[in-house]
Amino acid sequence: MASSSTRYASGLSALTTDEPDPNAFARAIAAEAAIVDAGFALLFFSQSLVDAGALAQALKLHAPSLAYAGCSTAGEITPQGLEEGHILALLLPSASFSTVSTMVEKLSSSGMDRITGEVAALRRLLRGRAGHDRAKNIFALCFIDGLSYAEEAVTSAIHWGLDDIPLIGGSAGDDLKFETTRLIANGKVASDSAIVVLVATEIPFHVFKTDNFIPTDEKLVVTASDPDHRVVREFNATNAAEEYAASVGIVPQTLTPLSFASHPVVVKVGGEYYCRSIQRMHPDGSLSFFCAIDDGVVLSIAQPKNMVEATRNALQDVEHRLGGIDMILGFDCVLRRLDARNRQVFRDISELYRTNKVIGFGTYGEQYRSMHLNQTFTGIAFGERQAAE
């Protein structure tokens, strides 16, 4: 495919490439930013294609005045649909968007009060910068190291600092290697970090989520775990992998990420069910999770429903609410991608994203308001400017 550029009615502009040349892509970003008068760029990239440090260096060289933030991925959603091994940039024009951002480093040693304080300060900064009318319509994006074991606490701390501003985001990935994810912001490159971006705009928007599972009566109670590392050793006082495999009717030795994507487990919080996805099995039969886990947590095996139908219904609902979709910035769990392949609906989901003008990336977890989720698509849809006037 090489490179592509797409402009939307709202003024947003998307650039993508599968060429491993950060300098060429940074030059393209600089040229497009000048044309649309972009004040900020969001960047999502495959580490298999480009090194985060090289990308930051290229942006410093070719687009020194452009503010930006982004992270590494586990797959990308480009204007052409679901892809892998790409870089994607979304440019926000100053005429319609006022943006501020901060990077919170060293999550493992950060007090959550500090994060809440930083976000509150960011909120005040944006309200001072944006005009009165624009400051009434603010949303927050967050990108968190998907291997930090901190997403729940960080998402909650950010949410507290936002007051009533809706939060949406995705955990950085590394193409299912589970080694290192990278976040980049205005010349900084880090792991064990989170980025918060606050955006004020007069373009109409709607924040939403969708998933495709129904809880069953089959229960797994965590009876032995290592919460700090999100590892479960036992369900129902039995080896975790063996008990899980028996519950879903699979031989333990054949468990793979595909098995976990196809047979998710869910937890009930405040009357709603949320996915608690399994990342991988260890040689001793213990299971690593993408989400926080602890002794005594009761999980239900979930039965997946039609992913294409559930996603289509969610997108139709968004279109109805906005009176038309200009484009959607989406954060899509990598396990949905694996499950779509397994159920042979990958092409259908990709086409659904393409026709609904979704761009974004494959995540190791999704943030929605105060919650950290798994096996979910979270998104922010923008309407056309005409609808706002």
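Below, the structure is looked at part by part. If you're wondering where the values come from, they're calculated on a predicted model, not measured in any experiment. (Residues numbered from 1 in each chain as written. Predicted model: local features only at pLDDT ≥ 70, side-chain atom pairs only at ≥ 80, totals over all residues. Heavy atoms only, no water.)

Pairing is mixed across the open sheet formed by 6 strands, whose spatial order is β8-β13-β9-β10-β25-β26. Where the open sheet ends on each side, the last strands, each with one partner, are β8 (97-104) and β26 (371-373). On average, each strand axis in the sheet is inclined to that of its neighbour by 20°, with strand direction left out of account. Relative to β26, strand β25 (residues 366-368) is paired through 3 bridges, and the arrangement is antiparallel. Of the residues in β26, the one forming a bridge with Tyr368 is Met371. Where helix α3 (residues 112-129) meets the sheet, its contacts fall on β8, β9 (138-145) and β13 (194-201), and the angle it forms with β8 comes to roughly 160°. Sheet contacts for helix α4 (residues 151-162): β9, β10 (167-172), β13, β25 and β26; angle to β9, the most-contacted strand, approximately 160°. (Pairing = 2+ DSSP bridges. Helix = DSSP H or I, 4+ residues; strand = E, 2+ residues; numbered from the N terminus. Axes fitted to C-alpha atoms, helices over the stretch in contact; angles between N-to-C directions. Contact = heavy atoms within 4.5 Å.)

What follows concerns the sheet that holds strand β1 (residues 3-7). Spatial strand order, β1-β2-β7-β3-β4-β11-β12: 7 strands in an open sheet with mixed pairing. Each edge of the open sheet is held by one strand with a lone partner, namely β1 and β12 (188-190). The average angle at which neighbouring strand axes cross in this sheet is 15°, direction not considered. This element, helix α1 (residues 22-36), spans β1, β2 (13-17), β3 (38-45) and β7 (87-93) of the sheet and lies at about 20° to β7.

Turning our eyes to something else, we now look at the nonpolar core. Leu42, Phe143, Phe235 and Tyr244 are the most contacted members of the largest nonpolar core, which has 56 residues in total. Considering each element in turn, this core owes the most residues, 5 residues, to helix α5 (residues 240-248). Of the domains in this structure, domain 1 (4-210 + 309-382) and domain 2 (213-304) are the two that each give at least three residues to this core. For Phe235, the contacting residues outside a window of four places in its chain are Leu220, Val221, Val222, Thr223, Ala240, Glu243, Tyr244, Leu287, Phe289 and Leu299. (Core = buried A, V, L, I, M, F, W, Y, C linked by side-chain atoms within 4.5 Å. Buried < 20%, exposed > 50% of the residue type's maximum accessible area, 1.4 Å probe, protein only. Domains from an automatic or database assignment.)

With that settled, consider the pattern of salt bridges. In a structure, side chains of opposite charge can pair up when their charged atoms sit close to one another. Scanning the model with the defined rule gives 13 salt bridges in all. Note that Lys188 and Glu105 form a salt bridge whose closest N and O atoms lie 3.3 Å from each other. With Lys188 in strand β12 and Glu105 in the loop between β8 and α3, this residue pair connects regions lying 83 residues apart in the sequence. The exposure class of Lys188 is partly exposed, given its relative accessible area of 42%. The partly exposed category is assigned to Glu105, whose relative accessible area is 30%. (Salt bridge = Lys/Arg side-chain N within 4 Å of Asp/Glu carboxyl O.)

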